[in-house]
Every structure is written in C-alpha cells, then in structure tokens.
Amino acid sequence: MAEITLDGQKVEIADGSMVMHAAEKAGTYIPHFCYHKKLSIAANCRMCLVDVEKAPKPMPACATPVTNGMVVHTRSDKAIKAQQSVMEFLLINHPLDCPICDQGGECQLQDLAVGYGGSSSRYEEEKRVVLHKDVGPLISMEEMSRCIHCTRCVRFGQEVAGVMELGMIHRGEHSEITTVLGDTVDSEVSGNMIDLCPVGALTSKPFRYTARNWELSRRKSVAPHDASGANLIVQVKNNRVMRVLPLENEAVNECWLADRDRFSYEALNSDQRLTAPMLKQGGEWKQVDWQTALEYVANGLKQIRGDHGAGAIGLLASPHSTVEELFLAGQLVRGLGSENIDYRLRNAQFTASEGVRWLGTSIASLSELQRVLVVGSNLRKDHPLFALRVRAAQRKGAQVSRIHDVDHDWAMPIASSVTVPAGQWAQALADVAVAVAQAQGKSAPAQGNATDAAKTIAASLASGERKAILLGNAATHHANAASLLALAQWIGEATGASVGFLTEAANTVGAQLVNALPGQDGLNAAQMLSGGLKAAILLNTEPEFDSAAGAAAKEALGKADMVVTLSPFVSNLEFSDVLLPIAPWTETPGTFVNAEGRVQSFHAVVKPLGDTRPAWKVLRVLGNLLGLQGFDFESSNEVLAAARGADGKDQAMVQGGKLSNRTSASIDLSAGAGTPAAAAIYQLDPIVRRAESLQLTADGQAGLTEAQRAMRAARREEVPA
C-alpha cells in the first residue's frame, strides 16, 4: 500500500494504482473523458491533468502511478489552468450544435465546458468537418465532427467485445474514428459504445430525435430475454418506452448491456400489439370485451373437461414469463385436474430433473475462471454478457475449450475445439472422460477414445484452480441431454470443476422453481405439440417459432377444439380461437430468477396499452370464473409470496438445496441424433422477433427462416414507402 496526500487528505491505495484511483477512493472528482474504470488507460484526452508536487509539469491523473508520500493538488491554479487549456483545444473543432445534439443534457463535454471552458473562443479559423458514416441500424455516426478522439469505443471493441470494429485513422487534426473491419458494426454488444461515448458522436439510431434527455422519466427494471438478468433503466415519455440503458450491478451485468436487451423495446411500441380481446367467429376475428372473452374460455374449458376429461387440457408457457404468471398458470391447470403444463418447448428429451438446473456458480465468478469447457453453445450469441465475462477471464490467462457442431467465432482464443455433429457430443465428452480417467488411473464412465483434442481438454481441466463445465442451450435441448449432463458431472467431479447450465431464458430457473412442469401423468411439451390436446392455452409463446416442433406445431394445434393465446401481440392467428392481450414486462410487475438463482422483482414502468391486462390478473380471474380454489390474490406481491412458500422470504425459492445439477441418469452414447432446436440471437422470443432495428442487423438477417423472410417482405409491400 502507498499513502499519498490528495488535496490535503491522506489516502491509502494499493501500489500500482493511479492517482485517478486514489481520487475515486477519496471521493474527489477529477474531470476526464478517455478514462473509464472498465477499459485500459489511454491518457489521450489530457483533461485529467493535475498538479503533482516536484513534477515539472501537470500530470495525467489516469496514467500517473502513486508513490508513497506523493502530494497531489487537483484544484490548484496550475491544475485548473492546465485543464482549461485542454478544454480550449477540445473545443477548437467541436461544432456548436448542442441544441440539436441527441446527447444534449447528458454530455460530459457539455458539463465540463461549463466549468472549464471559456466564455468565447480565440480561434477564428474554420472548423474541420468529418463525413458521416452508416455503420448499421443501431448506432448513428452521422455527426462524427463531434468526436474528441477519447478512443473509448475503440478500446471497448478490442478489450471487452473482443472485436476491434472501430479504429482511429490519420494523425493530428485529421484523426477520425471509423470502421476498420468492414462497413458496419455488427457486435452483439455494440450499443455499449453509445453509453461510453462522452459526446454526441455515437448515438442510438432507434432513439435518435425522439425525445430530449430531460423529458424522460427513469425507472428500474430487469432484462426479459436471456438468463443474465441484466439490470435496466427504462426511460419513459408520455407512457411510452423511449430508451433502455444499463443499471450498473457489478454482480450481474457490471455496466454493460446486450443489444438484445437494449433495443428490443421497439417491439413494445409496434403496430403488432394486441390491444383488445378477440374471438374467432365464423372464421373471422372480432373484438369483444374481457368479460365475454373470459367467459367463453371458461365455458369452453369446462365443456372440454366434461367431454374428454381434464387430461385433454394443457398449457404451454414461455420461460420468459414471470414467476407470478407461471405459478398461476400451474395452479390453473392443476386446479382443472390436469398435469399438462410445460415451459420446455425446445427440448427433445424430457427426463425428470432431480433439482432445479442452474449455472452452478455465480455470474461474477465467470470473470475469474481459469479453465472453461463449454458444450453445445454459441456462447457469444446465446449469452452475450456471459461471453463478456468468459472473455475477460481469457484475457487474464484462462483456457477456454468447447464442444459444438459449428466452429463459431467467439472473439477470443479457443484453447481446444471439438467440432462434431450434435449426435456425437456425448461421445466427444466420453472421450474427454476417458482421457481424464487415464491421467488419474481411474475407470472411465463410458467407452471412448482419448483423442489428442480430448487429452488437451482433459489436461486443461486437470490444471488450474477455478474451473467450470457449462452446458449451453443446444445441450439442454439435445435428444441426449441427460447423458451429456451425466458425463459432464463425472468429469467435473474428477477434475474439481463446477457443472452448470447456461440457461436459455430470463426465467428458466424460475419456471422450474414454481414447477411449471408436467406431473407424473402429464404430457410434456413435445406430446402436447404432437396433437395430444383438445384445449390448449398458450402463455406468451408462438409454438411455430418457440418450439422444437416448428411448423408442425401449427397443424397439431389446429386439430384442437379450442386454443387460447395470451400474448402482447397479434399472433397464432391460424390456429387460435381466442386472443387475450396480456402485458409485456414493461407493463406488469413481476419477478425473474436468473441463471445463478438470483431472484429479481420489478415494477411496471408504463400503463398497459389499450385494454391489455397483466397476465397474472387474467389467470386469476379465469381461475375465479372456473370456480377454482386459491385464486383470491389482490396483488402480484401476494402471488409471489405464495410462489415462494410459507416463509415468504426474498430468497426462499432458491434455498433448501433446490438448485442442483446432480443427475443419476445412465449414459447412453448411441442416442441423440438430430440438430437441437436452439434459437438464433434475435429469434429467442416474441418481443425480440418484433424489434425492427435488431432484425435489420447482420445477426437478425442471418437468423430469419424462409417463412419469416416472406412474411417480412409482404409486410413491407403493405406499408407505403
């Protein structure tokens, strides 16, 4: 530790720290642009110049290491004059367009210019102009004359995202930030560059010119897509979501956000929203009131139960639904006497779990891993924020290995990669187990061949201290998922690695905790989607796109006597009989449980659109109309308390050993043919599929099926240019 004097205050800080770190610890603000706590030090803006005693000139606080006994003045005349001089240089070529700049009101340059800028400029020369660049549908680079060359965006790409898509070319006043890999910025976390930009050079293209910063209300929420459970700030104007930004939480998403969570709000304001209940009568859709729609559903369920038995009724739920919604969905189905409820729409195998499947470790610990084996996952696209943490671990020296059917670019060095068809993943894991067993003199759990790649992975897992085996979406949905877990469990126990699942959706863990799963005699999702139902209730899901059955789901559900769709969007029109408009995550209170088992509740940030109602209220009233017990909840908090159990504690759902990846399943290396139904990055759920800007990205276009391309083309022809 070193002790320095900062503005007369003694500060003790670790050796190797910079003056800026000591100032942060002491609560002293030093003006800066290029410095960011998550990025490397560049020291190129010079705004943080401070007066260090015995130094011949002002020194940059972000790049000056502390030494014992150092005396630093951040507010002396010498320091302030240096900072004012830097500000004058920064403003020489900066355009005077604050009134029309999208960054106005939240611009670091604007704020610091008030404190350190002059009232007038000494320069009369013409300002330079930098031509605008079109880098895709998410980031606007139309005003690059505003750029102050802090290089935050460049360093983010290099160090965090793993792909240097932006770089600086030329020198001096001719310097400019531009694309260096291609014409567009295609990273799945590119929106973070907008947050990092301290001026109005990089702005959000979907948000551009729609609202001013000071007009927006700010409300906390939780991301509704993948299993990271990223914390959000949702910004609202006139009861409309205008922008979504990250809320810093070091244990969950740090200060980053995936583009999927940042830009998907566009769907909430789209013309595809369902705003009133609808019934299909004589082949035509007609709007009705809630009472009529719910009575129609209740009477239909009663009649089908009477004619065919309760086993003919089933509910298919999206794991992106809230804990409250999934809990009441289970209560409704079981109250009718059926055990047909399932959230595992993309699964090919439905072996009963011995516990709630989860990450097996904390999210934060992914950044500190030394050895990682990922099975059946396109990590970078399936779980962008988890990939950032694994990439951070790799930059510290971690060895990352994988088994998958495609050699995807993860934007990080891969120590060993086994690329084989999905049907051979179990054998590839068995080969690794054999290599581990040979090295340790044990008997292997299955027959295999210790190939060179298997030996490399085994040696990697045998070394190091902090290590994990992570099963991805494709491994979870695999036809031989139980064997994959059993093999991973054996390897984990032999090498001391944790074993966990990179769970697919925002509430995959929560769905298990509230038992949104078929009972002993219940039908699983595949059985329900193969024509096993007379009455189907679809909660937040579009089976054609959300299930392994795909297009076949439409035909199967079309044979049912009644299909009820609860959705925020006009969907499932071909086979549904009733459409009930339910609130998306921004219009309802709810709870998600992320991959590490963290329970996170959130409030509605805007009022429901039109006659939309929160799904928990719809299910509660439907339960009342059916005369079921246990549907007298007055608030979502009461529903959550019931879901948590008798003690009602905040973490009750994840206590008592419920989270477990243990399995006693036998290992079968012969099973598991076929490609698992893993969703593309922007096809994960109904909200993302309707976010126009995300669909226009390279990843969005690559993930479209031929049917979706045709639908989108038809929609574009319907809308006048």
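Residues numbered from 1 in each chain as written. Predicted model: local features only at pLDDT ≥ 70, side-chain atom pairs only at ≥ 80, totals over all residues. Heavy atoms only, no water.

A. Main features of the UniProt feature "domain: 4Fe-4S Mo/W bis-MGD-type" (unreviewed entry) in the chain. This chain's UniProt record puts "domain: 4Fe-4S Mo/W bis-MGD-type" (unreviewed entry) on residues 216–272. In residues 216–272, helix accounts for 9% and strand for 35%; the two terminal C-alpha atoms are 24 Å from one another. (UniProt positions renumbered as here; feature names shortened; annotations may be inferred. Helix = DSSP H or I, 4+ residues; strand = E, 2+ residues; numbered from the N terminus.)

B. View of a nonpolar patch on the surface. A cluster of nonpolar side chains, M164, I169, V180 and L181, forms an exposed patch at the surface whose accessible area comes to about 330 Å². Mapping L181 onto the fold places it in the loop between β9 (176–179) and α5 (192–196). (Patch = residues over 30% accessible without salt bridge, like charges linked within 9 Å, V, L, I, M, F, W, Y side chains within 5 Å. Areas by Shrake-Rupley, 256 points an atom, 1.4 Å probe, with all protein chains shown as cover. Salt bridge = Lys/Arg side-chain N within 4 Å of Asp/Glu carboxyl O.)

C. The arrangement of the packing of helix α11 (residues 425–440) against helix α14 (residues 481–495) in detail. Remark: α11 packs on α14, axes separated minimally by 9 Å, with the N-to-C direction vectors making an angle of 20°. When the axes of α11 and α14 are compared, the pair comes out roughly parallel. Seen along the crossing, α11 lies across α14 with a hand that is left-handed. Residues W425, A426, L429, A430, V432, A433, V436, A437 and Q440 of α11 touch α14, and the partners they reach there are L484, L487, A488, W490, I491, A494 and T495. (Axes fitted to C-alpha atoms, helices over the stretch in contact; angles between N-to-C directions. Parallel < 35°, antiparallel > 145°, perpendicular 65-115°, else oblique. Left-handed = near helix turned anticlockwise from the far one by under 90°. Contact = heavy atoms within 4.5 Å.)

D. Representation of the sheet that holds strand β24 (residues 562–567) within the structure. One open sheet holds the 7 strands; their spatial order is β15-β14-β25-β24-β23-β16-β17, and the pairing between them is mixed. Two strands in the sheet have a free side with no partner beyond their single neighbour: β15 (284–287) and β17 (341–342). Taken together, the 5 bridges between strand β16 (residues 313–317) and strand β23 (residues 535–539) define a ladder with parallel strand orientation. Residue G314 lies in a different strand from β23, and its bridge partner there is A536. (Pairing = 2+ DSSP bridges.)

E. A look at the UniProt feature "domain: 4Fe-4S His(Cys)3-ligated-type" (unreviewed entry) in the chain. Residues annotated in UniProt with the feature "domain: 4Fe-4S His(Cys)3-ligated-type" (unreviewed entry) correspond here to residues 78–117. Note that residues 78–117 is 60% helix and 0% strand, and that its end C-alpha atoms are spaced 16 Å apart.

F. The arrangement of the pairing of strand β21 (residues 467–471) in detail. Counting buried positions along β21 gives 5 out of 5 residues, so the element sits mostly inside the fold. The pairing of strand β18 (residues 371–375) with β21 spans 5 bridges and is classified as parallel. When the bridges of β21 are listed, R371 appears paired with K467. As defined by bridge partners, β21 adjoins strand β22 (residues 498–501) across 4 bridges and the pair is classed as parallel. In the strand pairing of β22, L470 is matched with G500. (Buried < 20%, exposed > 50% of the residue type's maximum accessible area, 1.4 Å probe, protein only.)

G. Seen up close, helix α2 (residues 77–92). Over its 16 residues, α2 runs 23 Å from end to end, which matches the ideal 22 Å to within 8%, given 1.5 Å per residue. When we look at burial in α2, the residues that qualify are A79, I80, A82, Q83, V86, M87 and L90. Each buried residue of α2 lies within a common arc of 160° when the element is viewed along its axis, so the set occupies one face. For α2, the exposed residues lying more than 90 degrees away from the buried face are D77, K81 and F89. Residues of α2 that are buried make contact with β3 (49–52), β5 (71–73) and α3 (108–116). (Expected span 1.5 Å × (residues − 1). Arc of directions from axis to C-beta.)

H. Local environment of the nonpolar core. Formed by 74 residues in total, the largest nonpolar core has its most connected members in F33, I139, F156, L166 and L202. Ranked by residue count, the leading element in this core is helix α4 (residues 152–161), at 5 residues. Each residue touching L202, except ones within four places of it in the same chain, is listed here: I139, S140, M141, M144, C153, L166, M193, I194 and C197. Counting 54 residues, the second-largest nonpolar core is a separate cluster that includes L326, V564, V639 and L659. (Core = buried A, V, L, I, M, F, W, Y, C linked by side-chain atoms within 4.5 Å.)

I. Quick look at unusual backbone geometry. Positive phi, normally seen in glycine, also occurs at N515, with a value near 60°. Among the secondary structure elements, N515 is positioned in the loop between α15 (508–513) and α16 (525–528). At N540, a position not held by glycine, the phi torsion is positive, near 65°. By the element assignment, N540 lies in the loop between β23 and α17 (543–546).

J. Broad picture of the packing of aromatic side chains. All told, the structure shown has 2 aromatic pairs when counted by the stated rule. With 5.1 Å between their ring centres and 55° between their planes, F156 and W256 make a pair best called tilted. Residue F156 is located in helix α4, and its partner W256 is located in the loop between β13 (240–246) and α6 (259–263); the two are separated by 100 residues in the primary sequence. Comparing F156 with W256, the two get one shared label, buried. Note on F592 and F602: the rings are 5.0 Å apart at their centroids and 40° apart in plane angle, and the pair reads as tilted. Residue F592 is found in strand β26 (residues 590–593), and its partner F602 is found in strand β27 (residues 599–602); the two are separated by 10 residues along the sequence. When the ring centre of F207 is taken as reference, the NZ or CZ atom of R243 above it lies at 4.3 Å. The ring of W410 has R402 lying over it, and the distance from NZ or CZ to the ring centre is 4.7 Å. (Phe/Tyr/Trp six-rings, centres within 6.5 Å; stacked < 30°, edge-to-face > 60°. Lys NZ or Arg CZ within 6 Å of the ring centre and 35° of its normal.)

K. Quick peek at the environment of D226. With respect to the helices and strands, the residue D226 is situated in the loop between β11 (217–222) and β12 (231–237). C-alpha separation for the pair D226 and N594, spaced 368 residues apart in sequence, amounts to 8.4 Å. Excluding its chain neighbours within four sequence positions, the residues that come into contact with D226 are R260, D382, H383, P384, E504, A505, A506 and L684. Among the polar contacts made by the side chain of D226, one reaches the side chain of S228 at a distance of 2.8 Å. Within polar-contact distance, the side chain of D226 engages the side chain of R260 at 2.9 Å. (Polar contact = N/O pair within 3.5 Å; in protein donor to acceptor, adjacent residues only side chain to side chain.)

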